[in-house]
Amino acid sequence: MIPASQVARFQNALPFWLSLLMVPLAYLSATRGGVWVFVLPLFSWGMFSILDEITGLYEEDADLATRDDELFWYRLITLIWFPVQFGTLFWLISYVPDAAHLTWPEKFMVFFGMGIVSGTTGIVYAHELMHQRNRLERWLGDLLMASVLYGHFRTEHLLVHHRYVGTPRDAVTARYNEGFHRFFFRVLPGCAVSAFHAEKAMLARKGLPWHHRSNPFWRYWSLQALFLALALFVGGWGGLLLFCWQALVAVWQLEVVNYVEHYGLTRKHLGEGRYEHVLPRHSWNASHRASNWLLINLQRHSDHHYKPQRRFPLLQTYSEEEAPQLPYGYPVMAFLAMIPPLWRRRMNPRVRAWRRQFYPDVQDWRPYKFATNPMPR
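Residues numbered from 1 in each chain as written. Predicted model: local features only at pLDDT ≥ 70, side-chain atom pairs only at ≥ 80, totals over all residues. Heavy atoms only, no water.

S.K.: Sorry, what's going on with the overall build of the protein chain here?
M.R.: Secondary structure summary: the protein chain contains 15 helices and two strands in total. The C-alpha radius of gyration computed for the protein chain amounts to 21 Å, which stays within 12% of the reference 21 Å derived for 377 residues, consistent with globular compactness. Projected onto its principal axes, the C-alpha positions of the protein chain cover 65 × 55 × 45 Å. Sequence separation of 24 or more characterises 73% of the internal contacts of the protein chain that already satisfy a separation of 6 or more. Entry remark: accessible area of the protein chain is about 16500 Å², with carbon and sulfur atoms responsible for 63%. Both charge centroids of the protein chain, one from 38 positive and one from 28 negative side chains, sit 7 Å from each other. (Helix = DSSP H or I, 4+ residues; strand = E, 2+ residues; numbered from the N terminus. Rg over C-alpha atoms; globule rule 2.2 N^0.38 Å. Contact = heavy atoms within 4.5 Å. Areas by Shrake-Rupley, 256 points an atom, 1.4 Å probe, with all protein chains shown as cover. Lys, Arg positive; Asp, Glu negative; His and termini not counted. Charge placed at Lys NZ, Arg CZ, Asp CG, Glu CD.)

Structural data, given as structure tokens:
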């Protein structure tokens, strides 16, 4: 256990600030062109995967008694990220569409890299921010999600995913043997619809219609429209096209992470629409050191679902006896997910071992595999 006094030190928070290196790399990719347009994918996915192999696992846990004020250097990077990302994104939108030294394939590759910044870092930081009760943090999370045209993610994540993970009602619990590409086109409409219905149901319980001004979808839609209008104003139609492309790349990264986090893991149905409580065993855990720097401990996902309000420096890791373990960090697992036969070869035996370990009494897994168990109450 790492004591709070040690957790609070700036040098211990510093590795989580490596994401700032993406900003000069985005500048270089746009101004240099050529092979430089590949620098952001190589940095975020390639370098951190190599660093995972070099640095190995990090399985120490911070003292849970550490106070919020002792986490200043960890919280600060998430608080400053929106203006950093906003400035980078709209500088690219102003510069790239008319850059004569870039071909259009290179321009799309530059914004593929920007989508990695918005997805690998922006959405992950938004996820941390939206879980907090502080209004400023929630607003920053909404702004980051609006910049990738996926504002409804906050509602879907907080009101649907965390409540119904591992049950048929949660769209982003990837089913056993379901390839990522099929999963992706299932969840894109599914998440938006389930999020809207969740807010509509909350308003109905208060006796209010869905179109009441307190529905956060008005905020999501307004912010997204503002970003679209600003992209058009700054970069013209070319800038708007590239803005939408980076948003798609970012959302693709979000959903491939969702796919990895819960693939094949289900909560036991107890009968009559009742399911067991969420436990660490219902998320894949990964303690790979370097990719957890990049993703601010998102890979300690078992603890995140067990204690959703816990800030990222305090997330705990688990042993194989308590939670299933991924063989690699998210960057490598995301690559495997793009090739379903490789993914199934690596992950299906792990899912079957998880079933034997935690649920030896379940004889028929077909209702879990095809999501035909009763909807949770």
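That was the structure; now back to the text.
S.K.: Teacher, can you tell me more about the nonpolar core here?
M.R.: F111, Y259, Y263 and W343 are the most contacted members of the largest nonpolar core, which totals 100 residues. In terms of residues, this core owes the most to one element, helix 10 (residues 216–262), which gives 16 residues. Excluding residues that lie within four positions of it along the chain, Y259 makes contacts with A174, E178, G179, F180, F183, A337 and W343. (Core = buried A, V, L, I, M, F, W, Y, C linked by side-chain atoms within 4.5 Å. Buried < 20%, exposed > 50% of the residue type's maximum accessible area, 1.4 Å probe, protein only.)

S.K.: Help me understand the packing of aromatic side chains in this model?
M.R.: Between two aromatic rings, the relevant description is the distance of the centres plus the angle of the planes. Counted according to the given criterion, the structure contains 42 aromatic pairs. Each ring, one from F180 and one from Y259, has its centre 5.6 Å from the other, and the planes form 75 degrees; the classification is edge-to-face. One end of the pair, F180, is in helix 9 (residues 180–205); the other, Y259, is in helix 10, and 79 residues separate them in sequence. Considering the side-chain rings of Y259 and W343, the 5.1 Å spacing of their centres and the 45 degrees angle between planes classify their relative orientation as tilted. (Phe/Tyr/Trp six-rings, centres within 6.5 Å; stacked < 30°, edge-to-face > 60°.)

S.K.: Hey, could you run me through empty space enclosed by the protein in this one?
M.R.: Empty pockets left among the atoms are what a rolling probe the size of a water molecule brings to light. As enumerated under the stated definition, the model contains two cavities of 30 Å³ or more in all. Considering only enclosed or pocket space, the largest cavity measures out at about 70 Å³ in volume. Looking at the largest cavity, the residues that line it are V124, H127, E128, L295, I296, N297, L298, H304, R310, F312 and L315. Broken down by element, the lining of the largest cavity gets its largest block of residues, three residues, from helix 6 (residues 104–130). Here the lining of the largest cavity is built from residues that sort into six nonpolar, three polar and two charged. Within this model, the second largest cavity holds a volume of roughly 40 Å³. (1 Å grid on protein atoms, 1.4 Å probe; cavity = no way out; pocket = protein on both sides within 12 Å on 5 of 7 lines; lining within 4 Å. Points joined across faces, edges and corners; volume = space filled by probe spheres on them. Nonpolar A, V, L, I, M, F, W, Y, C, P; charged D, E, K, R; others polar.)

S.K.: Which parts of the structure should I look at to understand the side chain of S287?
M.R.: Tracing the backbone through its elements, the reader meets S287 in the loop between strand 2 (274–275) and helix 11 (289–294). The class of S287 is buried, set by a relative accessible area of 3%. Here S287 is in contact with G56, L57, Y58, E59, N292 and T317, once residues within four sequence places are set aside.

S.K.: So what exactly am I meant to see when it comes to the pattern of salt bridges here?
M.R.: Side chains that differ in charge, positive against negative, can pair when their charged atoms come close. Counted according to the given criterion, the structure contains twelve salt bridges. Its salt-bridge partner being R186, residue E178 comes within 2.8 Å of it at the nearest N-O pair. Assessed through its relative accessible area of 22%, R186 is described here as partly exposed. Each of D68, R75, E137 and R311 takes part in salt bridges that share partners, so that together they form one network. (Salt bridge = Lys/Arg side-chain N within 4 Å of Asp/Glu carboxyl O.)

S.K.: Any chance you could explain a nonpolar patch on the surface here in plain terms?
M.R.: On the surface, F10, L14, F72 and W73 cluster together to form a nonpolar patch covering roughly 370 Å² of accessible area. Within the secondary structure layout, F10 lies in helix 2 (residues 10–13). Judged by relative accessible area, which is 34%, F10 ranks as partly exposed. (Patch = residues over 30% accessible without salt bridge, like charges linked within 9 Å, V, L, I, M, F, W, Y side chains within 5 Å.)

Don't take any of this as a statement about function, it's just geometry.
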